[in-house]
Amino acid sequence: METLNIEYVDLGNDFLIAKMPVNERVHQPMGLLHGGASVALAESVGSAASMIFVDIDKYEVRGIEISANHIKSKREGFVCAKASLIHKGSKLHLWEIRITDENNQLISLCKLTNMILPK
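Residues numbered from 1 in each chain as written. Predicted model: local features only at pLDDT ≥ 70, side-chain atom pairs only at ≥ 80, totals over all residues. Heavy atoms only, no water.

1. Examining helix 1 (residues 35–52)
For clarity, the cut-off: Secondary structure is summarised from DSSP: a helix means a run of H or I of at least four residues, a strand means a run of E of at least two, and numbering begins at the N terminus for each. Take the residue count of a helix, subtract one, and multiply by 1.5 Å to get its expected span. Exposure categories follow from relative accessible area, calculated using a 1.4 Å probe and restricted to protein chains: below 20% of the type maximum is buried, above 50% is exposed, and the middle band is partly exposed.
With 18 residues, helix 1 extends 26 Å from end C-alpha to end C-alpha; this agrees with the ideal 26 Å at 1.5 Å per step. For helix 1, every residue scored as buried is listed here: Ala37, Ser38, Leu41, Ala42, Ser44, Val45, Gly46, Ser47, Ala48, Ala49 and Ser50.

Right under this line is the structure:
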């Protein structure tokens, strides 16, 4: 979280939003936002969201599948990732994570499945 400067900025009944700066720390060699950094942001916000919606004294969250479609490149500024709950089961959570820039342009669209395990 600290390495990528990810900051949580908003929370609702079925979503969590995080923000990440786009700079040389998250660039790939061509000077663009690295797809892996986008996926790390998506998994961070989706996993944190699952943790918020379970009793963490009784359960642990494990990401078991993530997919990403990178739609648009980004060189500088920031991106926001909004994790929206698609399915909240007792054993699986499914999240859609939309990564957008400061102009609300879609940068990446991700899907994350988390397994909910008893401690």
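Once the structure has been displayed, the description carries forward.
2. Thoughts on the side chain of Asn114
For clarity, the cut-off: Any pair of N or O atoms that falls within 3.5 Å is considered a polar contact. Within protein, one atom must be able to donate a hydrogen and the other to accept it, and sequence-neighbouring residues count only if both atoms are side-chain atoms. Here a residue-residue contact requires only that any non-hydrogen atoms of the pair lie within 4.5 Å.
On the secondary structure map, Asn114 appears in strand 6 (residues 106–118). The class for Asn114 is buried, based on a relative accessible area of 0%. Separated by 2.9 Å, the side chains of Asn114 and Ser50 make a polar contact. Apart from residues lying up to four places away in sequence, Asn114 is in contact with Gly46, Ser47, Ser50, Val61, Arg62, Gly63, Lys91, Leu92, His93 and Trp95.

3. Considerations on the nonpolar core
Applied cut-off: Among buried residues, the Ala, Val, Leu, Ile, Met, Phe, Trp, Tyr and Cys ones that are joined through side-chain atoms within 4.5 Å form a nonpolar core.
Among the nonpolar cores identified, the biggest contains 24 residues, and Met20, Leu33, Leu41, Val79, Ile97 and Ile99 are the most heavily contacted of them. Among the elements of the structure, strand 2 (15–22), helix 1, strand 4 (77–88), strand 5 (92–101) and strand 6 are those that each provide at least two residues to this core. A per-element tally of this core places helix 1 first, with six residues.

4. Topic: the environment of Asn114
Remark: the alpha-carbon pair of Asn114 and Glu96, spanning 18 residues in sequence, is separated by 12 Å. Reaching out from Asn114, the side chain makes a polar contact with the backbone oxygen of Gly46 at a distance of 3.3 Å.

5. Observations regarding a nonpolar patch on the surface
Inclusion rule: Two distance rules govern patches: like charges are joined within 9 Å, and nonpolar side chains (Val, Leu, Ile, Met, Phe, Trp, Tyr) within 5 Å, applied only to residues with over 30% relative accessible area and no salt bridge. Areas reported as accessible are Shrake-Rupley estimates using a 1.4 Å probe. Residue values count occlusion only from the protein chains shown. The salt bridge definition used is simple: a Lys or Arg side-chain nitrogen within 4 Å of an Asp or Glu carboxyl oxygen.
Together, Ile64, Leu92 and Met115 make up a nonpolar patch on the protein surface, roughly 240 Å² of accessible area in all. Along the chain, the position of Ile64 falls in strand 3 (residues 59–70).

6. Some details on unusual backbone geometry
One non-glycine residue, Asn5, lies in positive phi territory at about 55°. Within the secondary structure layout, Asn5 lies in the segment before strand 1 (7–11). One non-glycine residue with positive phi stands out, namely Asn104, at about 65°. Following the sequence through the fold, Asn104 ends up in the loop between strand 5 and strand 6.

7. What about the pairing of strand 1?
Regular strands place side chains that alternate from one sheet face to the opposite one. Heads up, the condition is: Here the rule is simple: two strands pair whenever DSSP picks up at least two bridges between them.
Note: strand 1 against strand 2, four bridges, orientation antiparallel. If you follow Asp10 over to strand 2, its bridge partner there is Ile17. Counting the residues between successive antiparallel strands, the hairpin from strand 1 to strand 2 contains three residues.

8. Overview of the pattern of salt bridges
Summed over all chains, the structure comprises three salt bridges. Residue Glu60 pairs with Arg62 through a salt bridge whose shortest N-O separation is 2.8 Å. Classification of Arg62 by relative accessible area gives partly exposed; the value is 41%. One salt bridge connects Lys74 with Asp101, and the closest N-O pair in it is separated by 3.9 Å. You can see Lys74 sitting in the loop between strand 3 and strand 4 and its partner Asp101 sitting in strand 5, a full 27 residues away along the chain. Sharing partners across several salt bridges, the network here consists of Lys74, Asp101 and Glu102.

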